[in-house]
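Overview (structure and organization)
Read off the chains here:
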2 protein chains.
Amino acid sequence: MELDILNLLLVLGVAWIAGTVVQRLGYPSVLGELGAGIVLGPPLLGWLSVGDPLMVIADLGVLLMMVYIGMEIDLRDLGRASTGGLLAAIGGFFVPFGLGYAVTIAFGGDVIAALFIGMAVGVTSLATKSRILVDLGLLDTRIAHVMMAGALISDTLSLIVFAGILSVVTIGTLTVFGMGTIALQIALFFFAAWLLGTHVVPHVFAWVSRRGFDGRTFNLTLTLLVALLFAELAELAGLHGILGAFLAGLFLREGIRVRRLSHDISGVVKDVSLGFLAPVFFVTAGFEVSFDVFRDDLAFLFTVMVVAIVGKIVGTALFYLPSGHGWREGITVGFGMNGRGAVEIIIAGVGLQAGIIDQSIFSILVFMAIFTTASVPVTLKWGVDWLRRNDQLVRADPSTKPALIVGAGALGREIAHHLAPYRPVRLIDLSPDKVALALEKGLTAHQGDALDADALARAGVEDCGTVVAITPNPAVNVLVAQRARSVFLVANVRAMMRPDSDAGLFDVLRSLGAAPLFGVPIDYARWEEVAALAERSELVEMPAAAARARLAEEGLGSLSGLLPLFVRRSGVLRLFAAAEEIADTDEVLFLADPEVYRA
Amino acid sequence: MELDILNLLLVLGVAWIAGTVVQRLGYPSVLGELGAGIVLGPPLLGWLSVGDPLMVIADLGVLLMMVYIGMEIDLRDLGRASTGGLLAAIGGFFVPFGLGYAVTIAFGGDVIAALFIGMAVGVTSLATKSRILVDLGLLDTRIAHVMMAGALISDTLSLIVFAGILSVVTIGTLTVFGMGTIALQIALFFFAAWLLGTHVVPHVFAWVSRRGFDGRTFNLTLTLLVALLFAELAELAGLHGILGAFLAGLFLREGIRVRRLSHDISGVVKDVSLGFLAPVFFVTAGFEVSFDVFRDDLAFLFTVMVVAIVGKIVGTALFYLPSGHGWREGITVGFGMNGRGAVEIIIAGVGLQAGIIDQSIFSILVFMAIFTTASVPVTLKWGVDWLRRNDQLVRADPSTKPALIVGAGALGREIAHHLAPYRPVRLIDLSPDKVALALEKGLTAHQGDALDADALARAGVEDCGTVVAITPNPAVNVLVAQRARSVFLVANVRAMMRPDSDAGLFDVLRSLGAAPLFGVPIDYARWEEVAALAERSELVEMPAAAARARLAEEGLGSLSGLLPLFVRRSGVLRLFAAAEEIADTDEVLFLADPEVYRA
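Residues numbered from 1 in each chain as written. Chains lettered and ligands numbered in written order. Predicted model: local features only at pLDDT ≥ 70, side-chain atom pairs only at ≥ 80, totals over all residues. Heavy atoms only, no water.

Regarding the overall build of chain A
Stated formally: Secondary structure is summarised from DSSP: a helix means a run of H or I of at least four residues, a strand means a run of E of at least two, and numbering begins at the N terminus for each. Restricting the calculation to C-alpha atoms gives the radius of gyration, and the globule rule supplies 2.2 Å times the number of residues raised to the power 0.38. In short, Shrake-Rupley with a 1.4 Å probe defines the accessible areas, and a residue's cover is counted only from the protein chains shown. Residues counted as positive are Lys and Arg, residues counted as negative are Asp and Glu, and His and the chain ends are not counted. A charge is said to be at NZ when it belongs to Lys, at CZ for Arg, at CG for Asp and at CD for Glu.
The helix and strand inventory of chain A stands at 24 helices and 10 strands. Computed over its C-alpha atoms, the radius of gyration of chain A comes to 27 Å, within 12% of the 25 Å expected for a compact globule of 599 residues. Dimensions of chain A, computed from the C-alpha atoms along their principal axes, are close to 80 × 60 × 50 Å. Total accessible area on chain A is roughly 23,000 Å²; 62% of this is exposed by carbon and sulfur atoms. Distance from the positive charge centre (42 side chains) to the negative charge centre (55 side chains) of chain A: 5 Å.

Given below as structure tokens:
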């Protein structure tokens, strides 16, 4: 069998164009790829056709995409989820799951189909989330955290239920003995995967790395071999390879101990799956859709759609009530979790291929996924505006993630001292003297070289939500920022800059998505001296209006004798970022130079 | 058709293990992959079997590998090849080509088979070269340059001849009219590829980049689409897709104007082809080998082997004679170019698939490729030792590539001034004053920010063999070194460091494969002052022994009042690197601090 280049060119080409257009409109590109398959493929125009080679590529694409999704999940995020978030996730999965199961039975479907549809309406797609959250400026809100944890939990639940259904289908019986065998098989598989993933995989990667095989190509092959091994184990257990690939991804994220390598490889897997193989799968998934359901199964289609939407939103909101954050927030979270996106399409595609569902149920699930995913940006925006109008859009508690301060000079210690009551703060410095000073004052400090990624890791940078680079040398700060952003993917990175710093350093910082500390370059030597004199003294506090006026009139630092360090918002201290970001209810805390500043 | 996960796991697994073992032994990994296919596949043990899905993956692998090979070739290197090198390459292709053709006809083969065998014995594999050159420490020798250019030229010639043979086979005639049609078709294809590659592809990439689509995943998809389009065009012209993919790679290298993106994408294409898809091809290529040739065609196998080896070595050496570098050097170059490696296997595989050659010729070509490729490390080492014994191993002329000096202070200008007679030297600095000073003294200087990759590109960093970062700030120098190494792949990068520089900066520099300027940290401010006073004065010259003694006794810089700037070797000035690297016939040139140094 030969590869049909023209067919691949056309399929990849339309996937690329449709995906890009749809993404520009604010939707996940998978919708465009599916749509292109439906419109240009057999269901409507029939310009594109599937061939065996495309199926192979699509299969590979699904496997690699599951590896990528697994590698993107940080299991520690799950541990950090609040009880309210956990409940919302469970409600958001089981309520639509139960409703989906019930309506399928009511419409005369069998148990397997009912379980499958239940599972599909219960899914919340993780991969589609982050873009919308960025666009709506929600990344640091409480609802965003709840939604991310919810998507993660409901995806995991779906995959477990999916595993169960697949086993049932493989065994073909529902007796007590059969169910027991199934449970045992699944348990054995998960145990084997856990054993391999935590006790073998990390050692293999560590061993090859010690022997000098630290190249990306070499370790990519090893990664793929691990993924294929897990996929094969899943198949042996009567499950589907995508389950194994997903678990492999989960374990590989932690198993590849060299952070840069783990990050690089997940990048390559992402590029190859999202940029090459998976789009082929989504286009060919569109090929299988049949418009006949609008004629033959319209009532069922409509019912599944309603159950999916209402079940997800109401289920989420109801189970979220005990958190005490109100029903408005619960409904908004439900809006956000209503999208089904890529994972549901993958599961439905596998179900169709395995003969668990027929083409009409597949089509219903695809239309449901398209409709719900497309509605998220609109409904979530309503919800967020609604919360804003009622002043209930709560920013996430910044104390959930620690801050790392690189450079334990007087200014660094001052920042650490004031921030410490609100979140865990760690300092790192090359100088043992400075570290000793910091320890003396009750701060957490490590001696180490922050330009060495391993020293950063030892200081716990991986958990940190914020990194502040405040060594005397702006170029070193930029190098630290680069590591923090690109190796450790820290969200919030600030680097101290001086007015005479090379213009290129500012460009580098900008290109990293990091920002100058305090928003502007500062006269470091002077403020270091002020901080050393003022150490442990009170900061000058001003309400928003006064602080804005002061900053507008006199500029930052030198002129006014005031350096804005923090903003106090909702009782919590955060680093000052820029004058434009001061809200009316904020208070700004300044470090004051006593020689210039008069209260 | 479903993907057989177990089969893929096994094939990729054995490819990975065999490839790694063979590579550790000093041979290209393709030999291990082929060998694993022969031993574990149908030819011997029969444990592995080919399936349709594997064929699709293998086809994709070959396409992507040709894209990668194309992207690795810098056409400007061809323009820089010496006349001697060009002649050697032509002789190294056409002599074995003619001999291969003749013996095939003599053994009763038809014209097509004869042309095909001729082409296969003419190939020199590019992808296998660099590792051996590094291992034997040959990278900066003249023979290395000749071999690299030779491999490039003979690969290109083979692909053109291959295109011709494919057209002949497609048309199925050898009449004058038929030949004319073929020539026209090939010419049309190459013209279309050139037009698209130079006039359309760069604009498309520039356009999407202007519209903000600068992500790696997005541009990888675009790259693959271009490659598939070129492959399809080649197929339309009656040629094979691999020709199109190869040309696409050639043009994409230049077409993706954003250097970082071009480098990133070629990296991903490399990982996916060499780390995933191509190994599957090489293992399955091994499946097709038949040991029957040892019984049925032993005489022919032996003759082809002899013709390939003798033809390549003698052809190269003969045509290299006019260069005046002697027959020893010519024969050594021939040893080095004797390997066939990956490209020949790919061409033979395509020939077998297209029905141009049968399984026995395919097997002969595979055995020939394995034998010749495996012999290179051994024979090349003989040749090099032989040249060394006769003191004929000539280092390449370092003046062929320009040097870029970042930082136009007094020291930077001093280095530029002394180096300028031996190689093109460019300066870049952010300060217009320093640039003006440099221009005044007749140096080439650009005003620009060296931390901005585009400014570096405008200063011509891409052609440079050496980058010297000598701004006052060591951290900036390290950032520049990082860009020069990882974005522009400059071979020789030096950054000025100070004794009080952060220890992490030295680590970063080492991890980049760059070195401190002058080999050690220096007191920059002091030497900048000395250079400003001494500007354009004579340097202090010492023979090797005296310089070594001086350096050993008094250390560098401060103590002795001497800063070693250059080494004069074979009449050419090069930057001083380390005391251990001074050869007995060298002279060392020092900058002297008149207040401390007494002659």
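Now, onward.
Examining the sheet that holds strand S4 (residues 466–469) of chain A
Residue and element names in this part refer to chain A. This is how the line gets drawn: Here a strand pair is declared whenever DSSP counts at least two bridges between the two strands. Contacts were defined at the residue level, with two residues in contact if any of their heavy atoms lie within 4.5 Å. Fitted lines through C-alpha atoms serve as axes, helices being fitted only where they are in contact, and the angles separating the N-to-C directions of these axes extend from 0 to 180 degrees.
Spatially, the six strands line up as an open sheet ordered S3-S2-S1-S4-S5-S6, and their pairing is parallel. Looking at strand neighbours, the two that pair on one side only are strand S3 (444–447) and strand S6 (515–516), the edges of this open sheet. For strand S1 (residues 403–406) and strand S2 (residues 425–429), the ladder comprises four bridges, and the chain directions are parallel. Following the sheet pairing, Ile405 is matched in S2 by Leu427. Against the sheet, helix H19 (residues 432–440) makes contact with S2 and S3, and its axis sits at roughly 165 degrees relative to S3, the strand it touches most. With respect to the sheet, helix H21 (residues 474–486) is in contact with S1, S4 and strand S5 (492–495), its orientation differing from that of S5 by roughly 170 degrees.

Digging into helix H21 (residues 474–486) of chain B
Residue and element names in this part refer to chain B. Inclusion rule: A helix is expected to span 1.5 Å for every residue after the first. Buried, partly exposed and exposed residues are distinguished by accessible area as a fraction of the type maximum, computed with a 1.4 Å probe on protein chains only: under 20%, between the cut-offs, and over 50%, respectively.
Relative to the 18 Å expected for 13 residues at 1.5 Å per residue, H21 spans 18 Å between its end C-alpha atoms, a close match to the ideal helical length. Within H21, 11 of the 13 residues are buried, which leaves the element mostly enclosed by the surrounding structure. Those residues of H21 that sit buried are Pro474, Ala475, Val476, Asn477, Val478, Leu479, Val480, Ala481, Gln482, Arg483 and Ala484.

Focus: the relation of the copies chain A and chain B
Put simply, the rule reads: Superposition of the copies was done by least squares, using only C-alpha atoms of residues whose pLDDT is at least 70 in both.
After a rotation of 180 degrees and a shift along the axis of 0.1 Å, chain A superposes on chain B with an RMSD of 0.4 Å. Each copy turns onto its partner about a two-fold axis. The rotation axis passes nearest to the C-alpha of Ala475(A) in chain A, at a distance of 2.7 Å. Residue by residue, 100% of the interface of chain A is reproduced at the interface of chain B, so both copies engage with the same surface.

Quick look at the pattern of salt bridges
Two side chains that carry opposite charge are able to pair once their charged atoms sit near each other. Residue and element names in this part refer to chain A. Put simply, the test is: Any Lys or Arg side-chain nitrogen found within 4 Å of a carboxyl oxygen on Asp or Glu counts as a salt bridge.
Under the defined criterion, the tally for this structure stands at 22 salt bridges over all chains. Residues Asp507 and Arg510 are paired through a salt bridge, measuring 2.6 Å at the closest nitrogen-oxygen approach. Of this pair, Asp507 and Arg510 both sit in helix H22 (residues 503–512), three residues apart, which is roughly one turn of the helix. A relative accessible area of 33% means that Asp507 is categorised as partly exposed. Between Arg526 and Asp593 there is a salt bridge, with its nearest N and O atoms 2.6 Å apart. Pair noted here: Arg526 is in helix H23 (residues 524–534) and Asp593 is in the segment after strand S10 (587–592), with a separation of 67 residues, a long-range link. The burial state of Arg526 is the same as that of Asp593; both residues are buried. One salt-bridge network, held together by shared partners, links Lys381, Asp385 and Arg388.

Focus on the environment of Ala183(B)
With respect to the helices and strands, Ala183(B) occurs in helix H9 (residues 176–210). Accessibility expressed as a relative area gives 46% for Ala183(B), which makes it partly exposed.

Points about the interface of chain A and chain B
Going by this rule: Once two parts are brought into contact, the accessible area they lose, counted with a 1.4 Å probe and summed over both, makes up the buried area. Distance and chemistry together define a polar contact, namely a pair of N or O atoms within 3.5 Å, with one atom able to donate a hydrogen and the other to accept it when in protein, and with adjacent residues in sequence counting only for side-chain atoms on both sides.
Between chain A and chain B, the residue contacts involve 63 residues of the former and 63 residues of the latter. Buried surface at the junction of chain A and chain B, both sides included, amounts to about 5,700 Å², of which 71% is carbon and sulfur. The interface formed by chain A and chain B includes two salt bridges. Arg216(A) serves as the salt-bridge partner of Asp271(B), at 2.4 Å between the closest nitrogen and oxygen. Counting across the chain A and chain B interface gives 12 residue pairs in polar contact (both at pLDDT 80 or more). When contributions to the side of chain A that touches chain B are tallied by element, the ones reaching two or more residues are helix H1 (5–24), helix H3 (52–72), helix H10 (216–236), helix H12 (259–287), H21 and H22 of chain A.

Comments concerning the environment of Leu321(A)
All names here are of chain A. Within the secondary structure, Leu321 is located in the loop between helix H14 (298–320) and helix H15 (326–337). Spatially, the C-alpha atoms of Leu321 and Ala514 are 37 Å apart, while their sequence positions differ by 193 residues. Contacts of Leu321, omitting those with residues within four sequence positions, involve Gly326 and Trp327.

Section: the domain arrangement of chain A
All names here are of chain A. The cut-off we apply is this: What fixes the domain bounds is an automatic or database domain assignment.
For chain A, the assigned domains are domain 1 (73–261 + 294–389) and domain 2 (398–536). Relative to domain 2, the C-alpha centre of domain 1 lies at a distance of 38 Å. The interface of domain 1 with domain 2 comprises four residues on the first partner and six residues on the second. Buried surface at the junction of domain 1 and domain 2, both sides included, amounts to about 550 Å², of which 44% is carbon and sulfur. For the interface between domain 1 and domain 2, the tally reads zero residue pairs in polar contact (both at pLDDT 80 or more).

A word on the sheet that holds strand S5 (residues 492–495) of chain B
Residues and elements named next belong to chain B. Here six strands make up an open sheet; going across it, the order is S3-S2-S1-S4-S5-S6 and the pairing parallel. Two strands bound the open sheet, and with one partner strand each, they are strand S3 (444–447) and strand S6 (515–516). Here four bridges tie strand S1 (residues 403–406) to strand S4 (residues 466–469), and the two strands are oriented parallel to one another. Bridging from a neighbouring strand, Val406 pairs with Ala469 of S4. Of the strands in this sheet, strand S2 (425–429) and S3 touch helix H19 (residues 432–440), which is tilted by about 165 degrees from S3.

So, the packing of aromatic side chains
Each aromatic ring pair is described using two quantities: the centre-to-centre distance and the angle formed by the ring planes. All names here are of chain A. Spelled out, the test is: For Phe, Tyr and Trp, rings pair up if their centres lie within 6.5 Å, where Trp contributes its six-membered ring, and each pair is then called stacked (planes under 30 degrees apart), edge-to-face (over 60) or tilted (otherwise).
Counted according to the given criterion, the structure contains 28 aromatic pairs over all chains. Between the aromatic rings of Phe281 and Phe282, the centroid separation amounts to 5.2 Å while the plane-to-plane angle is 75 degrees, which identifies the pairing as edge-to-face. By relative accessible area, Phe281 is classed as buried at 10%. The class of Phe282 is buried, set by a relative accessible area of 2%. Here Phe291 and Phe367 contribute two aromatic rings whose centre-to-centre distance is 5.7 Å and whose plane-to-plane angle is 50 degrees, an arrangement assigned as tilted. Taken together, the positions of Phe291 in the loop between H12 and helix H13 (293–296) and Phe367 in helix H17 (residues 359–389) put the pair 76 residues apart, joining distant regions of the chain.

Observations concerning the pairing of strand S8 (residues 562–569) of chain A
Residues and elements named next belong to chain A. In terms of burial, S8 is largely enclosed, as seven of its eight residues are buried. Bridge analysis of S8 against S10 gives six bridges, and the strand direction is antiparallel. Looking at the pairing, Leu562 lines up with Ala592 of S10. Bridging between S8 and strand S9 (residues 572–575) involves four bridges; their strand directions are antiparallel. If you follow Arg568 over to S9, its bridge partner there is Leu573. Linking S8 to S9, which pair antiparallel, is a turn of two residues; within it Ser570 sits at a positive phi near 50 degrees.

Some remarks on the side chain of Thr466(A)
By the element assignment, Thr466(A) lies in strand S4. Among the polar contacts made by the side chain of Thr466(A), one reaches the side chain of Arg423(A) at a distance of 3.1 Å.

Focus: the packing of helix H15 (residues 326–336) of chain B against helix H17 (residues 359–389) of chain B
All names here are of chain B. Stated precisely, the cut-off is as follows: An angle below 35 degrees is read as roughly parallel, one above 145 as roughly antiparallel, one from 65 to 115 as roughly perpendicular, and any other as oblique. Each crossing gets its hand from how the near helix is turned against the far one by less than a right angle, where anticlockwise is left-handed and clockwise is right-handed. All residues other than Ala, Val, Leu, Ile, Met, Phe, Trp, Tyr, Cys, Pro, Asp, Glu, Lys and Arg, Gly among them, are scored as polar; the first ten of these are nonpolar and the last four charged.
H17 packs onto H15 with a crossing angle of 160 degrees between their chain directions and a minimal axis gap of 8 Å. Classified by the interaxial angle, the pair formed by H15 and H17 is roughly antiparallel. Pair H15 / H17 crosses with left-handed handedness. Only Val376, Thr379, Leu380, Gly383, Val384, Trp386 and Leu387 of H17 make contact with H15, whose side of the interface consists of Trp327, Arg328, Glu329, Ile331, Thr332, Phe335 and Gly336. Residues of the contact of H15 with H17, tallied by class, amount to eight nonpolar, four polar and two charged.

Quick look at the side chain of Thr373(A)
Residues and elements named next belong to chain A. Along the polypeptide, Thr373 turns up in helix H17. Separated by 2.6 Å, the side chain of Thr373 and the backbone oxygen of Ala369 make a polar contact. Those residues within four positions of Thr373 in sequence are excluded, and the remaining contacts are Tyr27, Pro28, Leu31, Gly339, Arg340 and Gly341.

Notes on H15(B)
Where burial is concerned, most of H15(B) is hidden: eight out of the 11 residues are buried. Listed as buried for H15(B) are Arg328(B), Glu329(B), Gly330(B), Thr332(B), Val333(B), Gly334(B), Phe335(B) and Gly336(B).

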